[in-house]
Amino acid sequence: MEPQGGWSRRQFIQISSAVAGGATVLGTGAAAIGVPTGQHAPDPQVGGIKILRSACMMCNAGCGIQVKVQNGIAIKIDGNPYCPQSNEYASAGKDVVESDLAPTALGTLCARGQAGLKTLYDPLRLQHPLKRMGQRGAGQWQTISWDQAIAEICYGGQLPEGPFEGLAAIRSTAPISAAESKYMDEAPSTGFGPRSNQLVMVSGRNQNSDLTKRFMDAFGSINHLDHTSICNAAYKTGGYHTFTNPKKAKGTYNFKPILENATYVVLFGTNPVEANVPTNTFGRLVASMVKNGGKIVVVDPRFSNTAAKAHRWVPIKPGYEGAFAFGMMRWLIDNGKIDVDFLTRPHEDAAKKVINGKQHYSWSDATYLIDTAKHVRLDSAQAGVLWANLTMAAGKAETVLTVTSTAGFPSKGTLKIGSELITYTGKTDTTFTGLGRGASGTTAADAALDAQISIPWMVISGGQAVPYNTVDQADLEFVGKVNNIDCETSFSMLADEVSLKTVDEYETLCGLEVGTIATVSSEFASAKAPVADMYRGAQSTTNGYYNCRAIFLLNGLMGNVDRIGGFAMGPRFNGAEPARPVTTSTSGVKLDRGKTKYAGTKPKPTRQWYPIAEVGITQEILPSAKIGYPYAIKALMTFTHNSAQTIPFPQSQVAALVDTKAIPLHICSTIFMDETAALADYVLPDGMYLEKWASPMAGYPTIHTKASTIRRPVVGTFDPITKHYIPAFPDTMLFDDVLIRIAVELGLPNFGLNGAGAGKDIFTAWQYYNLFFSGGDYTQGLDEKADYMRMGGKRQNPAEIADPANPAFALNRYGDRVDIFYEKAAASKNALTGKYFSGVPIFEEPGIAMDGTKLVPPAGYDLTLITFKRGWHTQSRTSSNEWLAEIERANRLWINSVDAKARGITNGDRVRVSTPAHTTGEVGRAYVTEEIRPGVVGVSAHFGRREAGSKQHMADGQPMPHNANIGGGLSANHLMWPEPAFPDLCLTDAASGMAAFLSPSVKVEKL
Ligand code: SF4
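Going along each chain's sequence as written, the residues are numbered from 1 onward. This being a predicted model, a pLDDT of at least 70 is required before a residue's local features are given, and a value of 80 or more before pairs of side-chain atoms are given or counted; all residues contribute to the totals for chains, interfaces and linings. As a convention, hydrogens and water are excluded, and side-chain values are obtained from all of the structure's heavy atoms.

1. As for the overall build of the protein
Here comes step 1: Scanning the protein from N- to C-terminus turns up 26 helices and 51 strands.
Here comes step 2: Against the compact-globule benchmark of 30 Å for 1007 residues, the protein has a radius of gyration of 28 Å, which places it among compact chains.
Here comes step 3: Principal-axis analysis of the C-alpha atoms gives the protein an extent of 85 × 70 × 65 Å.
Here comes step 4: The protein chains shown are the only cover counted for residues, whose accessible areas, like all others here, come from Shrake-Rupley with a 1.4 Å probe. Per element, the accessible surface of the protein, about 34,400 Å² overall, is 52% carbon and sulfur.
Here comes step 5: If you average the places of the 95 positive and of the 92 negative side-chain charges in the protein, the two averages end up 2 Å apart. Every helix listed is a DSSP run of H or I at least four residues long, and every strand listed is a run of E at least two residues long, numbered separately from the N terminus. Atoms counted for the radius of gyration: C-alpha only. Globule rule: 2.2 Å times residue count to the power 0.38. When charges are counted, Lys and Arg are positive and Asp and Glu negative, with His and the chain ends excluded. Charge positions come from single atoms, namely NZ of Lys, CZ of Arg, CG of Asp or CD of Glu.

Here it is, written out as structure tokens:
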């Protein structure tokens, strides 16, 4: 007998019939007739099959897929052979065209990608809008019409606790005042912004973020919040602060090793054979690299499937990846193995110049002088070398500046007035011309007559301090006085930090055998193409930011950025946000305080603020809302985001979600009854990814040629007259369409009639994405006849990774500055401790609370818990997919045989894992193994679901479909520690805001 929730032939036919009722069925071009037989041959060769190409979203990597659709029913998903994530091939020309591949070509997909069909037609999918009838979490619902749902969301209605305000009443430009906030003394002088900020949208895998942002901007709320702090906040922030990209005034983190040519790769806390983006590609590249004789070192407490392919497994103590990177830097510097030629080139022209047969395309700040007392870069005026004064009062849009004299200034480069950086491309005797105001991310500002203008960066050359752009190479190391100011170069500051410990001491911290760091460093240094990369294990800790900075800089010190076999980018073809005829702007403070400096009058804020994080701090949103900090909210929209399960220590997220006073209205758009939807007031059934448009998907930098994959529906019905799309379950609605309907209902600007300009209406998702695509690199919009629609995206020749004009370098280059010192970090404080962050990476122990204290585990909690992902599941969201559950239905606790023996545990025993905050713990089975370091236990991230279809809910008094088989195993997230000072928040990196997925200590008992 098939388990409850399985995809039976009868259910499949029911869905088929529902789809067949529509007008035009995608994939057939005509009204659907008949139903499939229920036989799902892996590669059907019968007639009437159409292939539609789109993008996978079973994980976030967006691999190209091609879906076989018969009579409007999707019957098979394969890899799109045109997508380089799914297939290795070369095209005949510079860009891929259809004739490059035979019609029979196929790409690869991972197991999750293939199982997308199960999610599409899963009978557990929500099929009608639901309104809560009992208490939040009671599982009592009423099905309602879309008209009712949208009317009540817009204009208010009645919930079991009483009436609530709708979005129309919440939208207001009046400022948040003491009536809405008990914390007005923590507001900046400009306040917390308008009351519209009391609408909060939180999204997870939001691949429709251009549209959701347009909606929130039109509404007037700044609270368009994301999930990045449970994803890659430390990686992203560390990347932005290393690859600062001053030419474009915007940093980046989009780098990956060019594995096709790398010869030695050190992977810190990442398992690309199973879990990096995209597994489908990264895993294949790892395998071919090994086959070609390349060496891989996996630094991970667990012997992952990538470690199984590796030349060396380094079973490090969890959270000490930064110490290992510091040990490597120490060894490389001490042994003269860094790329001094790269590091001493201080600007672009110098980098590109062939000197002693060497050339680069990126350069670094290694030689720039830092004022070590003020922790800012020394400028030419402070150095007493070069400056001028404005002979005009300059507005911030000025393109020419008149000064006393430009004598001594280089003919082009960067200038500084106050804290603003300005690029210039030419000069006369008394003017700077071709100005780009607000370069390097600084804010353009008005400048007064007589304001001093200087060169912002100084280096040492020939024993003198000189502007950075007057020499081709400068001194790497300097510690001394310039114009009586104590200075060091960026490199010297880093070297100082690195030399605080010996290689042996770093090794001891890492808990490794003597000689490990030296061996790896020596192999790394002598390799033809060495490169280092990291992900979850190295960054999802309280010291994640500094770990990532150190590992990124390993590449910088080796000068491998932009080099073939080194660290390089992966650009994409993109769309463009359609015009906004009405200027919309938001203001105030975001609820999560991400990217925001504390500027209140109260000396110390009530909760943490995150001035140097480059992302939103998702774990802060709901606990903050619960206490109305920094202001109370009135409505919460969650979209593809499941706070109640996916955030470490979700117990506190649940506590906030059940509080109807703190969150008076919760609207959740989802495809399943997940843990967050179960605590909503309105559950709006969304389309799944095979029924959606989205912004073009990047190939992630794993693909180093320019490439994008487009997503568009492959099933459902589409009305070519009204441009209205209905998903396969006909009473579901794309969240994009929901937002557009709400926007039109509320009369929000930039939606509806002429919403994107004259003759450009936005009444449907199709209209929005048609404009989005056509405004960018996809000029024919969503025209089904366009080549890129047939091929499922646009791509450069996937084989042309190297620049034909200079094959030692990547064709798609970063070509900008690599920063050792990040000035904004050095100038910013941890608001709770009052201590400055460091401008250069530092070694920091893991398990430091946000208030600076070291966590001390109580007696008995003596094992460290790590988390990891398997190749057949994605976070927790695929555990309900029966096809994938057949591979693994419940996880086990990985425990070393030494630790198991000490507790009398044998393989398969039932065990309890608990923390001081979760004493009832999680119960599961033990996997006793040598494949994890003693003292460490591991739990995969996919199981222990509380909802996701596993619980019985009732709608209109009738039981909703559920599957009691879902939900087995241990939930790793429930075993994460809360912050000692904030028991409603998981452990968090104060610098990047990254949530910790590493539990400092747990207790394991045999049951
Ligand atoms: S790696 Fe991710 S995007 Fe690619 S096929 Fe697998 S699940 Fe889909």
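2. A word on the sheet that holds strand E29 (residues 530-534)
Here comes step 1: Strands sit in the order E13-E12-E11-E29 across an open sheet of four strands; the sheet is parallel. Each having just a single partner strand, strand E13 (312-314) and E29 make up the two edges of the open sheet. When the angles between neighbouring strand axes are averaged without regard to direction, this sheet yields 15°.
Here comes step 2: Two strands form a pair only when DSSP identifies at least two bridges running between them. Bridge count for strand E11 (residues 264-268) against strand E12 (residues 295-299) is five bridges, and the pairing is parallel. The residue bridging Tyr264 from the neighbouring strand is Lys295, located in E12.
Here comes step 3: When checking whether two residues touch, look at their non-hydrogen atoms; a contact exists if any pair is within 4.5 Å. Geometry is summarised by axes, namely lines fitted to C-alpha atoms with helices restricted to the contacting stretch, and by angles between N-to-C directions that run from 0 to 180 degrees. Sitting on the sheet, helix H17 (residues 544-558) is in contact with E11 and E29, with an inclination near 165° to E29.

3. Considerations on the sheet that holds strand E47 (residues 954-955)
Here comes step 1: With mixed pairing, the nine strands of this open sheet are ordered in space as E9-E8-E31-E32-E33-E4-E5-E47-E48. Taken across any chain shown, the strands that pair with only one partner, and hence form the sheet edges, are strand E9 (224-225) and strand E48 (958-959).
Here comes step 2: Packed onto the sheet, helix H4 (residues 146-155) meets strand E4 (130-132), strand E32 (665-670) and strand E33 (682-685) and runs at close to 130° relative to E33.
Here comes step 3: Contacting strand E8 (199-203), strand E31 (635-639), E32 and E33, helix H21 (residues 735-746) crosses the sheet at an angle of about 150° to E31.

4. Comments concerning the environment of Tyr253
Here comes step 1: Positionally, Tyr253 belongs in the loop between helix H7 (233-240) and strand E10 (255-257).
Here comes step 2: Considering only alpha carbons, one finds Tyr253 and Val589, 336 residues apart in sequence, at a separation of 25 Å.
Here comes step 3: In this view, Tyr253 contacts Asn232, Tyr235, Lys236, Gly239 and Tyr240; residues no more than four positions away in its chain are not counted.

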